[in-house]
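Working through the structure, step by step
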Amino acid sequence: MAEPSSTTESPDAPAAARSRARVNAGYGAVFVVKEFRAIFAAHVLSMLGGVFADASLAVLVFQRTGSAPLTALVFALGFLPYALSGILLSGIADRYPARRVLVACDLLSAGCVTLMAVPATPLAALFVLRFAVSMMSPLFTGTRAASLADILPGDLYVLGRSLVRMVSQGSQIIGYGLGGLALVWLSPRTALYVTVGTFLGSALLLRLGTRGRPARASGGGAMMRASIASTRRLLAVPRVRALLLMWWIPPMFFIVAEGTAAPFADAAGAGSVGFGLFMAAMPAGTAVGEVLAGALLGAAARERIALPLAAGSMLPMAAFAVHPPLSLAVALLVLTGLCAAYTLGMDQWFVQAVPAAMRGSAMSLLGAGLMTLQGLGVAAGGAIAALVPPYAVICGAGAAGTACMFAILRSVRATRTTAPATDAET
């Protein structure tokens, strides 16, 4: 597939031309780009900081209240604001220079976490501050994803996005593990101050390690109204709408397996070790699948396997109908994760389908929908697991998800020849 001419800004053309010569060199070529190294390091810091903050705040709330529901609310607030932020704030990603938006989000997050750590902060304010940090997250991730398309040409963009996703997957395992160990020696408030340091470090890396670029779009008027209008325009484009659904729907069903991990491990008599293996299986498979696809396959091959892998990605979950023992269950979830390599093919399709002037809004909307539907999926799976055995819940999610994917993939295939939207259409 030809590279879209809008992938890079004209001032970066010489750098882009040099990078294209390395396009088939694999993941190592991505780290040759200086700006990506800064963005990647900042991503590692902010992801670990966010996970660390969740663990610390949950412990702090439980110590103050002894309430399991209020402690669970800390994690729920990591999902709930995404839809609101994606709809109301996504326009900021295109209206203002990307570096300014990213640094501002990190600094505001650091300020909110600092207030969380203050002993005099009321309990209600802790939840308001957690909500505020979550509202900034879709804007930050969307702006960063759009920035990658500015600095990484062609296939390097796909590999860069893959590396960012792998960090996100790994942080869920490593971050909570490190957070749990750190809280053995640190008080929750001290741990929150460590989180402040990670956000400040991320802001410094982004400010000094990336170049300033002008905003993608200009315009006046109310920002929220402009963001809503941008969301409507994106969803009105059949190709963009089909690809968004292909991004959103599978994770909504994937996460059902993670949401039922505790009851499944308990029913299998596997205890905490079994629970850990069950939780780690799908992220591990995802990481391995992305590494193999990114390192061994070229851009055209990754695009060819995207639809078949997406179509079959939830069939291993449907195989839970046989009520598998833990070892087989873990193997099935690893296989599901391996199939998630289809996302590398989708990355290039999406950046080609979205107008450059709306790229930040589109990426923010993508992330917001992804997190919101995952929150709904885990909640629904947990509710159903109270009525039926956990293996049956996972099987049902796999079967229903596969049926949904076939319908979505028909739309993706049908819009494959649709001309990409242009900036003029916005």
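Conventions adopted
Residues numbered from 1 in each chain as written. Predicted model: local features only at pLDDT ≥ 70, side-chain atom pairs only at ≥ 80, totals over all residues. Heavy atoms only, no water. Helix = DSSP H or I, 4+ residues; strand = E, 2+ residues; numbered from the N terminus. Buried < 20%, exposed > 50% of the residue type's maximum accessible area, 1.4 Å probe, protein only. Contact = heavy atoms within 4.5 Å. Patch = residues over 30% accessible without salt bridge, like charges linked within 9 Å, V, L, I, M, F, W, Y side chains within 5 Å. Areas by Shrake-Rupley, 256 points an atom, 1.4 Å probe, with all protein chains shown as cover. Salt bridge = Lys/Arg side-chain N within 4 Å of Asp/Glu carboxyl O. 1 Å grid on protein atoms, 1.4 Å probe; cavity = no way out; pocket = protein on both sides within 12 Å on 5 of 7 lines; lining within 4 Å. Points joined across faces, edges and corners; volume = space filled by probe spheres on them. Nonpolar A, V, L, I, M, F, W, Y, C, P; charged D, E, K, R; others polar. Axes fitted to C-alpha atoms, helices over the stretch in contact; angles between N-to-C directions. Parallel < 35°, antiparallel > 145°, perpendicular 65-115°, else oblique. Left-handed = near helix turned anticlockwise from the far one by under 90°. Phe/Tyr/Trp six-rings, centres within 6.5 Å; stacked < 30°, edge-to-face > 60°. Expected span 1.5 Å × (residues − 1).

1. Digging into the overall build of the chain
Along the chain, the regular secondary structure elements total 20 helices and zero strands. Looking at the chain as a whole, 53% of its 426 residues qualify as buried. In the chain, the proportion of contacts linking residues at least 24 apart, taken out of those at least 6 apart, comes to 87%.

2. Focus: a nonpolar patch on the surface
A contiguous nonpolar patch, built from V288, L292, L296 and L297 and spanning about 360 Å² of accessible area, is present on the exposed surface. Turning to its location among the elements, L292 is positioned in helix α14 (residues 271-296). Residue class for L292 comes out partly exposed when judged on its relative accessible area of 44%.

3. Comments concerning empty space enclosed by the protein
The tally for this structure, following the rule as stated, stands at one cavity of 30 Å³ or more. Within this model, the largest cavity holds a volume of roughly 150 Å³. A98, R99, S147, D150 and R213 are the residues nearest the centre of the largest cavity, which is lined by 15 residues in total. Those elements giving two or more residues to the lining of the largest cavity turn out to be α3 (34-65), α7 (98-117) and α8 (123-151). Partitioning the lining of the largest cavity into residue classes produces six nonpolar, two polar and seven charged.

4. Points about the packing of helix α5 (residues 81-88) against helix α19 (residues 359-385)
The relative placement of two packed helices is expressed as an angle between their axes plus a distance between the axes. Put simply, α5 and α19 touch, their axes get as near as 8 Å, and they point 160 degrees apart. Relative to α19, α5 is oriented roughly antiparallel. Crossing hand, α5 versus α19: left-handed. Across the interface between the two elements, Y82, A83 and G86 of α5 pack against S364, G367, A368, M371 and T372 of α19. Tallied by class, the residues present in the contact of α5 with α19 amount to four nonpolar, four polar and no charged.

5. As for the pattern of salt bridges
Within the structure shown, the criterion is met by six salt bridges. Between R165 and E290 there is a salt bridge, and its shortest N-O distance comes to 2.9 Å. You can see R165 sitting in helix α9 (residues 155-185) and its partner E290 sitting in helix α14, a full 125 residues away along the chain. Linking R165 and D347 is a salt bridge whose minimum nitrogen-to-oxygen distance equals 2.9 Å. With a gap of 182 residues between them, R165 in helix α9 and D347 in helix α18 (residues 342-353) connect regions that are remote in the sequence. Using a relative accessible area of 1% as the deciding quantity, one classes D347 as buried.

6. Here's the deal with unusual backbone geometry
We note that H323 has phi near 55 degrees; this positive angle belongs to a residue other than glycine. Tracing the backbone through its elements, the reader meets H323 in the loop between α16 (315-318) and α17 (326-339).

7. Describing the packing of aromatic side chains
Throughout the structure, instances matching the rule amount to six aromatic pairs. Here F264 and F320 contribute two aromatic rings whose centre-to-centre distance is 5.7 Å and whose plane-to-plane angle is 65 degrees, an arrangement assigned as edge-to-face. Here F264 is found in helix α13 (residues 261-267), whereas its partner F320 is found in the loop between α16 and α17, with 56 residues between them in sequence. Aromatic side chains F278 and F320 sit 6.5 Å apart centroid to centroid with 85 degrees between the ring planes, which places their arrangement in the edge-to-face category. Linking F278 in helix α14 with F320 in the loop between α16 and α17, this pair joins segments that are 42 residues apart in sequence. Side by side, F278 and F320 carry an identical accessibility label, which is buried.

8. Remarks on the packing of helix α12 (residues 238-259) against helix α20 (residues 390-414)
Remark: α12 packs on α20, axes separated minimally by 9 Å, with the N-to-C direction vectors making an angle of 170 degrees. With respect to each other, α12 and α20 are oriented roughly antiparallel. Touching R239, A242, L243, L245, M246, I249, P250, F253, V256 and A257 of α12 are V393, I394, A397, A400, G401, C404, M405, I408, L409, S411 and V412, all from α20. In terms of residue class, the contact of α12 with α20 is made up of 18 nonpolar, two polar and one charged.

9. With respect to the side chain of R302
Checked against the element boundaries, R302 lands in helix α15 (residues 299-312). The contacts of R302, once residues within four sequence positions are left out, are D155, V158, L159, A293, G294, L297, L344 and G345.

10. Some points on α18
Taking 1.5 Å per residue as the helical rise, α18 with its 12 residues ought to reach 16 Å, and the 17 Å between its terminal C-alpha atoms agrees with that figure. Burial within α18 is extensive, with 12 of its 12 residues counted as buried. All of the buried residues along α18 are Y342, T343, L344, G345, M346, D347, Q348, W349, F350, V351, Q352 and A353.

11. Looking at the environment of I151
Looking at the secondary structure, you find I151 in helix α8. The class of I151 is buried, set by a relative accessible area of 10%. With 118 residues separating them along the chain, I151 and V33 place their C-alpha atoms 7.9 Å apart.

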